[in-house]
Amino acid sequence: MKEIALRVIVGGVVVSGFALLGDLLKPKSFAGLFGAAPSVALATLVLTTMKDGNAYAALEARSMLLGAFAFVLYACTVSRMLIRRQWPVLPTTSIALVLWFGCAFGLWSALVG
Amino acid sequence: MKIKVDTTRWEQPKWYEYVVRFVFGGTVTALAGIIAKRFGPEVGGLFLAFPAIFPAAATLIEKHEKQKKERTGLQGVARGRKAAGAEAAGAWMGAIGLIAFALIVWLKLAHWPTAIVLGGATLTWLVTAVSVWEMRETLWRRWMLHVRTAHRLRTSVRR
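None of these values were measured; they are calculated from a predicted model. (Residues numbered from 1 in each chain as written. Chains lettered and ligands numbered in written order. Predicted model: local features only at pLDDT ≥ 70, side-chain atom pairs only at ≥ 80, totals over all residues.)

Trainee: Please provide a residue-by-residue account of the overall build of chain A, values included.
Mentor: Across its full length, chain A holds six helices and one strand. Counting from the amino terminus, chain A carries its helices and strands in the arrangement α-β-α-α-α-α-α. On the principal axes, the C-alpha backbone points of chain A span a range of 45 × 40 × 25 Å. Within chain A, the proportion of its 113 residues that are buried is 51%. Across chain A, every contact between residues at least 6 apart in sequence was considered, and the portion connecting residues at least 24 apart equals 54%. (Helix = DSSP H or I, 4+ residues; strand = E, 2+ residues; numbered from the N terminus. Buried ≥ 20, exposed ≤ 12 C-beta atoms within 10 Å, placed from the backbone. Contact = placed C-beta atoms within 7 Å.)

This is the structure in structure tokens:
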């Protein structure tokens with residue numbers, strides 16, 4: 001329980017920090033870079049290396065690589081749907097998460113699993 | 001397009017927006033840890049690049065742009081959606097940086113000190129993301145110039 005609370009606090013602080021930085025910058029597309037900042041990864045990897053060691057965290061990073069490929073596909077699709085088709089934001093960004101899951105787990109089962 | 005620092009958003013901070021981001025970020029970090037413990041680091045690692053906070057962030061951007069437009073008496077739905085789309089366009093370039101980040105951590109973390117690897121990987125993320133953004137901006141500008149020139153030529157030939 002203590003470990004989960006620590007993860008929530010560290011993760012929340014790092015994510016908010018990158019979000020604050022993104023809010024300061026213009027144009028929107030440049031600020032958007034910070035929407036894909038390694039905030040969750042940094043918080044998790046710091047805590048994981050302290051508890052389970054570097055080899056364990058390196059394994060997480062290998063899978064993160066596949067998650068990042070899925071993120072590229074997710075963000076490309078969302079951007080196209082919002083700019084060209086002007087679909088509503090919340091349903092588009094939420095439903096497209098299915099695409100992330102499909103791509104990430106598809107790549108994972110093909111390459112790792 | 002020039003990169004600018006806009007501090008006006010910090011002059012009137014909307015704390016609930018940062019609370020939303022804090023909660024989403026903290027939850028995903030905790031979930032990634034729980035999943036890694038239950039299913040192993042190979043599955044848990046996928047969630048280190050999960051766009052969990054993106055829907056909330058994009059919705060907030062849409063809301064801001066819509067409100068800005070409505071203050072001038074115009075409908076802001078299309079503007080809001082385009083702004084969120086521009087943010088998503090930035091996010092895919094940032095995600096390319098995320099690939100570089102993960103690659104460095106995967107290959108170097110077992111051999112080098114943690115602080116150096118994570119610091120170097122974060123710097124690599126930033127440099128990669130900004131370079132991709134800059135390259136895309138340059139190509140976009142050249143493409144628009146090409147389109148405009150072609151349009152002008154076509155119009156003058158018709159005349």
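Trainee: Any details on the overall build of chain B? Residues and values, ideally.
Mentor: Along the backbone of chain B there are six helices and one strand. The C-alpha radius of gyration of chain B comes to 21 Å, more than 25% above the 15 Å expected for a compact globule of 159 residues. With the C-alpha coordinates aligned to their principal axes, the bounding extent of chain B is approximately 70 × 35 × 30 Å. Looking at chain B as a whole, 40% of its 159 residues are labelled buried. Looking at chain B alone, contacts between residues at least 24 apart form 45% of all its contacts between residues at least 6 apart. (Rg over C-alpha atoms; globule rule 2.2 N^0.38 Å.)

Trainee: I'd like a description of the environment of B:Arg158, backed by residues and values.
Mentor: Along the chain, B:Arg158 falls in helix α6 (residues 114-158). Note on B:Arg158: 6 C-beta atoms within 10 Å, which makes it exposed.

Trainee: How would you sum up the interface of chain A and chain B? Please name residues and give values.
Mentor: Counting residues at the interface gives 71 residues for chain A, matched by 74 residues for chain B. Looking at the side of chain A that touches chain B, the elements with two or more residues in it are α1 (2-24), β1 (25-26), α2 (28-31), α3 (39-52), α4 (54-83), α5 (89-95) and α6 (97-111) of chain A. Tallying contributions element by element places α4(A) first for the side of chain A that touches chain B, with 25 residues. Relative to strand β1 (residues 4-5) of chain B, β1(A) is paired through two bridges, and the arrangement is antiparallel. Along β1(B), the bridge assignment pairs A:Lys26 with B:Lys4. (Pairing = 2+ DSSP bridges.)

Trainee: Tell me about unusual backbone geometry, residues and numbers included.
Mentor: Among all residues except glycine, the phi angle is most often negative; among peptide bonds, the trans geometry is most common. All names here are of chain A. In this structure, Pro27 follows Lys26 across a cis peptide bond, with omega equal to 0 degrees. Structurally, the position occupied by Pro27 is in the loop between β1 and α2. For Gln86, which is not a glycine, the phi torsion comes out positive at approximately 55 degrees. Here Gln86 is to be found in the loop between α4 and α5.

Trainee: Which residues make up the nonpolar core, and what values go with them?
Mentor: Nonpolar side chains in soluble globular proteins tend to be buried together. Counting residues in each nonpolar core, the largest one holds 80 residues, and the members touching the most others are A:Ala68, A:Phe71, A:Ala75, B:Ala95, B:Leu98, B:Ala102 and B:Val105. Per element, the largest residue contribution to this core is 18 residues, and it comes from helix α5 (residues 77-108) of chain B. Both domain 1 (1-52) and domain 2 (63-113) of chain A contribute no fewer than three residues apiece to this core. Setting aside anything within four residues of it in sequence, one finds B:Val105 in contact with A:Leu45, A:Ala58, A:Ala61, B:Val117 and B:Ala121. (Core = buried A, V, L, I, M, F, W, Y, C linked by C-beta atoms within 7 Å. Domains from an automatic or database assignment.)

Trainee: Please set out the packing of helix α4 (residues 54-71) of chain B against α5(B) residue by residue, giving values where relevant.
Mentor: Residues and elements named next belong to chain B. Relative to each other, α4 and α5 sit at 140 degrees, their axes nearing to 7 Å. Judged by the inter-axis angle, α4 sits oblique to α5. As for the relative orientation of α4 and α5, their crossing is right-handed in sense. Taken together, the residues of α5 that come into contact with α4 (itself represented by Phe54, Ala58, Ile61, Glu62, Lys63, Glu65, Lys66 and Lys69) are Val77, Arg79, Gly80, Arg81, Ala83, Ala84, Glu87, Ala88 and Ala91. Of the residues belonging to the contact of α4 with α5, the class tally is eight nonpolar, one polar and eight charged. (Axes fitted to C-alpha atoms, helices over the stretch in contact; angles between N-to-C directions. Parallel < 35°, antiparallel > 145°, perpendicular 65-115°, else oblique. Left-handed = near helix turned anticlockwise from the far one by under 90°. Nonpolar A, V, L, I, M, F, W, Y, C, P; charged D, E, K, R; others polar.)

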